[in-house]
Amino acid sequence: MTIDIGFTFSRFAAVVYKEFIQMRRDRVTFAMMIGIPLMQLILFGYAINSDPRHLPTAVLSADNSPYSRGIVAGMQTSTYFDVTGQLSSRAQAEAALKNGDAQFVLTIPEDFSRKLLRGETPVLLLEADATDPAATSGAVASLREIVSRAIARDLPGPAAELAATDLPVTIRVHAEYNPEAVTQYNIVPGLMGVILSLTLTMITSLAITRERERGTMENLLSTPVKPLEVMLGKITPYILVGYIQIALIILASKFLFDVPLRGSLVPIFVLSLVFIAANLSVGVTLSTVAKNQLQAVQMSVFFFLPSLLLSGFMFPFRGMPAWAQVLGSALPLTHYLRFVRGVLLKGATGMESLTHIWPIAIFFLAVIAIGMLRYRKTLD
Amino acid sequence: MTDILFDPKRLAQSPSSAPTDAPPKVPADAPADAPADAPADAGLSGAGGDSVIDVQGLTKSFGSKVVVNNLSMRVRRGEIFGFLGPNGSGKTTFIRMLCGLLAADSGSGTCLGWDIRTQAERIKPHVGYMSQRFSLYEDLTVRENLDFTARLYGLPDRAALVGDCLEHNGLARFADNLAGSLSGGWKQRLALAACTLHDPSLLLLDEPTAGVDPGARRDFWDAVHRLAARGVTALISTHYMDEAERCHRLAYIAYGDLLAQDTVEGLIRNSGLVTWSISGPDLHELSEILRGKPGVDQVVAFGNTLHVSGPDEASLVAALSPCGATHQCRRIETNLEEVFIHLMRGARKP
Ligand SMILES: Nc1ncnc2c1ncn2[C@@H]1O[C@H](COP(=O)(O)OP(=O)(O)OP(=O)(O)O)[C@@H](O)[C@H]1O
Ligand SMILES: [Mg+2]
């Protein structure tokens, strides 16, 4: 008798091969797998590249000198800032930021010009409402240039020379409401996790539901193929898709968005496998629950939204309430974002990243176990 | 085939036969059945009848609706067993339970000697199941579908095997077409080819010839008979009477209940129906008149004749006597269709 009850590689390979053929022929899904990442990159990238101007700015000036007036005038002409009013107290400044009346509050201290003339490097304080860091970063970056020009124009001879080489003013920027100070560079690597999460979960959940909906499951179930062979066989081709997406996003980060990539790409490619597997297992498990393809899509969105919101991609993780942080910690995307940002932006090594990987591995094992239990060997 | 046999009224189905052969299922069933019946099945199975399908009291409900009700059935090795019944009577559901695609709510049984409820994984490699609905991959080519099937069954020498299969089933010229682009009949033929690829010892075919042209249907039945001669068993559901007549034995199921299980001849004889053929003028008006008369069960038009049947000879003759003067009346053999329609009407009443 040639009966084997366990896992057989050749049957698994048969399923993988079949999936590849189908994937190649299914133009719409294939377009979706490449199209969704591109679309998200462009949408988010557009938001990142946008360089908002005319941001409402209030000035709290205790120094009425040509220098401070020069700086304010310079800000206005730079078009980044729209100086909307003069404030007279700290309380007003705080209120303006809090209500959103002002995106920035510039505080010029009382002794600004006196110190400047004495060469004592006075402090300019720029408080920014950084809830949307992408919105403020361009303006903040321009301030140094504005101040330096304004001062160089107004300072007398020798001091101006000095100012041309070294800025005689300290500009202190306080980013309010965003303790993690997410910058634009944070977003593109983060997108990698978001895109993998969305597309892989959705596509795998569709892959199995489709077999049920088209009736091909009936034939498949009547053959000796085993649940594990079907599930892994269906997952495997999409691992490759995941890697294509990763490569695509890394290329875009580097050449489209000029993200400075510090770390090595090796840990990214090796350890992302765990994250890819985790998302695929979610897809497979959802497909054991979903009755049709529409339900499968809805369920993957249902999984995707909390991932998007609670992982620290949309909102800074530490700014979330405790319950949301607990929920967020259970999601693979949360850990993957830290891993990717750690490696790409901070240059963390693979070994250092393992603390972010094991929670994803546990998630994967738990979900695939549920999927195996739920996989129906019969049609009812 | 040669002669009409005198076998007891009903075979297997009645509860009386179940307890006698329940404990020693596989070996000792030859004496339980009428000995005359085994050679009647064309003497195909030299073994004389080890049961390939042997189920008792199989029941399946969807929600509150009982779809297969306490069904017992026995099919011997090498037998071509026809499975008939009106739409929605539970044929597909029953076949799915046999090959492990659906779990029975209650009842028990074996298929190829393995328990259908616990050993489905052992049964599957030896069963060729063809579903009613096309269930191969429309986005794979004909060859790819066969190749995939061969891989799943772990068949050796795949390329040659698939090539032969394409050749024998007349599929060679479609080999590289997508299965979805085939016409309905060719899809059926592909599905049939796929489910016989691994040389199964039991074929479970759910309406395999629906939409297939007469020539291909004849080829199909010839092939099934050749396989049966080699000891392959086939359970085939169909709605075609000519196909039913090509089966060794038949089961008729309606609304989940098994109503009869016998040879063609046995079914006709046991139905007790008498049929007369009438030809002459104004057959349509005549049929309207006859339909309402007592003793007339069915009136069916066949071209220039009417077939009138009823369960009781005397009252049927009484009903027909008025038209004796104007028409030619002749007693003929009752056919299967009349038997099945009679059975179905009987089933709906309770
Ligand atoms: N998965 C299911 N869920 C609910 N009801 C079902 C399911 N499958 C079948 N049924 C019902 O069971 C009954 C029997 O269906 P089945 O397909 O077995 O009939 P059939 O004899 O094969 O009919 P046909 O000749 O039309 O193929 C039908 O009334 C059908 O609606
Ligand atoms: Mg059916």
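Everything numeric in this text was worked out from a predicted model, so none of it was measured.

1. Let's talk about the side chain of D63(A)
Part 1 of the reasoning: Its place among the elements puts D63(A) in the loop between β1 (55-61) and α3 (66-78).
Part 2 of the reasoning: Within the buried core, D63(A) has no salt-bridge partner, and the shortest N-O distance to an opposite charge, that of R114(A), equals 7.2 Å.

2. Thoughts on the coordination of the magnesium ion (ligand 2)
Part 1 of the reasoning: Each protein donor to the magnesium ion (ligand 2) is listed here as T92(B) (OG1) and Q132(B) (OE1); together their distances run 1.9 to 2.1 Å. Taken together, the residues span a long stretch of sequence, with T92(B) in helix α3 (residues 91-98) and Q132(B) in the loop between β6 (127-130) and α5 (142-152) at a distance of 40 residues.

3. What to know about the domain arrangement of chain A
Part 1 of the reasoning: When its domains are assigned, chain A resolves into domain 1 (55-176) and domain 2 (183-379).
Part 2 of the reasoning: Placing the centre of domain 1 of chain A and that of domain 2 of chain A at their C-alpha centroids yields a distance of 45 Å.

4. Some thoughts on the confidence of the model for chain B
All names here are of chain B.
Part 1 of the reasoning: The predicted model of chain B has a mean per-residue pLDDT of 83, with 85% of residues at 70 or higher.
Part 2 of the reasoning: Segment residues 1-49: pLDDT under 50, and 51 contacts once partners within four positions in sequence are set aside and those in other chains are kept.
Part 3 of the reasoning: Predicted complex metrics record ipTM = 0.76 and pTM = 0.74.

5. Observations concerning the packing of helix α10 (residues 227-255) of chain A against helix α15 (residues 350-374) of chain A
Residue and element names in this part refer to chain A.
Part 1 of the reasoning: Running from amino to carboxyl end, α10 crosses α15 at an angle of 130°, the nearest separation of the two axes being 10 Å. With respect to each other, α10 and α15 are oriented oblique. Both α10 and α15 take part in a crossing whose hand is right-handed. Touching L228, M231 and I235 of α10 are I368, G371 and M372, all from α15.
Part 2 of the reasoning: Among the residues making up the contact of α10 with α15, the classes are represented as 5 nonpolar, 1 polar and no charged.

6. A look at the sheet that holds strand β7 (residues 202-206) of chain B
The strands that make up a sheet are held in pairs by hydrogen bonds between backbone atoms, and each pair lies either parallel or antiparallel.
Residues and elements named next belong to chain B.
Part 1 of the reasoning: As summarised here, the arrangement of the 6 strands in space is β6-β7-β8-β3-β9-β10, forming an open sheet in which the pairing is mixed. The two strands at the open ends of the sheet, each matched to only one other strand, are β6 and β10 (257-262). Neighbour-to-neighbour, the strand axes of the sheet open up by a mean angle of 15°, direction not taken into account.
Part 2 of the reasoning: Pairing between strand β3 (residues 80-84) and strand β9 (residues 249-254): 4 bridges, direction parallel.

7. Quick look at unusual backbone geometry
Part 1 of the reasoning: The phi torsion at T121(A) lies on the positive side, around 45°, for a residue other than glycine.
Part 2 of the reasoning: Inspection of the secondary structure assignment puts T121(A) in the loop between α5 (112-118) and β4 (123-129).
Part 3 of the reasoning: One non-glycine residue, D199(B), adopts positive backbone phi at about 55°.
Part 4 of the reasoning: Counting through the fold element by element, D199(B) comes out in the loop between α7 (184-196) and β7.

8. Description of the pattern of salt bridges
Part 1 of the reasoning: In this structure the tally under the stated criterion is 32 salt bridges over all chains.
Part 2 of the reasoning: We note a salt bridge from D222(B) to R246(B), for which the minimum N-O separation is 3.1 Å. Highlighted residues: D222(B) in helix α8 (residues 214-229) and R246(B) in the loop between α9 (241-244) and β9, separated in sequence by 24 residues.
Part 3 of the reasoning: Residue class for R246(B) comes out partly exposed when judged on its relative accessible area of 29%.
Part 4 of the reasoning: Within this structure, K18(A), E19(A), E211(A) and K234(A) form a network of salt bridges that share partners.

9. Re the packing of aromatic side chains
Part 1 of the reasoning: Counted according to the given criterion, the structure contains 12 aromatic pairs over all chains.
Part 2 of the reasoning: Ring geometry for F9(A) against F12(A): centres 5.5 Å apart, planes inclined by 55°, an arrangement best described as tilted. Residue F9(A) and its partner F12(A) are located together in helix α1 (residues 9-25), separated by 3 residues, close to a single helical turn.
Part 3 of the reasoning: Note on F12(A): relative accessible area 13%, which makes it buried.
Part 4 of the reasoning: Their ring planes at 75° and their centres at 5.7 Å tell us that Y137(B) and F148(B) sit as a pair that is edge-to-face. Of this pair, Y137(B) sits in the loop between β6 and α5 while F148(B) sits in helix α5, placing them 11 residues apart in sequence. Across this residue pair, the class does not change: Y137(B) and F148(B) are buried.
Part 5 of the reasoning: Members of the aromatic cluster, each reached through a chain of ring pairs, are F7(A), F9(A) and F12(A).
Part 6 of the reasoning: We note R189(B) situated over the ring of W186(B); from NZ or CZ to the ring centre the distance is 3.8 Å.
Part 7 of the reasoning: Just above the ring of Y240(B) sits the side chain of R217(B); from NZ or CZ to the centre is 4.2 Å.

10. Focus on the nonpolar core
Part 1 of the reasoning: Formed by 103 residues in total, the largest nonpolar core has its most connected members in I53(B), M73(B), F94(B), L204(B) and L235(B).
Part 2 of the reasoning: The element contributing the most residues to this core is helix α8 (residues 184-214) of chain A, with 13 residues.
Part 3 of the reasoning: If sequence neighbours within four positions are ignored, I53(B) has contacts with M73(B), R74(B), V75(B), L98(B), T110(B), C111(B), L202(B), L204(B) and L235(B).
Part 4 of the reasoning: If you look at the next biggest cluster of nonpolar residues, it comprises 52 residues, including F134(B), C195(B), V232(B) and F340(B).

Cut-off values and rules
- Residues numbered from 1 in each chain as written.
- Chains lettered and ligands numbered in written order.
- Predicted model: local features only at pLDDT ≥ 70, side-chain atom pairs only at ≥ 80, totals over all residues.
- Heavy atoms only, no water.
- Helix = DSSP H or I, 4+ residues; strand = E, 2+ residues; numbered from the N terminus.
- Buried < 20%, exposed > 50% of the residue type's maximum accessible area, 1.4 Å probe, protein only.
- Lys, Arg positive; Asp, Glu negative; His and termini not counted.
- Salt bridge = Lys/Arg side-chain N within 4 Å of Asp/Glu carboxyl O.
- Donors = N, O, S within 2.8 Å, 3.2 Å for Na, K, Ca; no water.
- Domains from an automatic or database assignment.
- pLDDT = per-residue confidence, 0-100.
- Contact = heavy atoms within 4.5 Å.
- Axes fitted to C-alpha atoms, helices over the stretch in contact; angles between N-to-C directions.
- Parallel < 35°, antiparallel > 145°, perpendicular 65-115°, else oblique.
- Left-handed = near helix turned anticlockwise from the far one by under 90°.
- Nonpolar A, V, L, I, M, F, W, Y, C, P; charged D, E, K, R; others polar.
- Pairing = 2+ DSSP bridges.
- Phe/Tyr/Trp six-rings, centres within 6.5 Å; stacked < 30°, edge-to-face > 60°.
- Lys NZ or Arg CZ within 6 Å of the ring centre and 35° of its normal.
- Core = buried A, V, L, I, M, F, W, Y, C linked by side-chain atoms within 4.5 Å.

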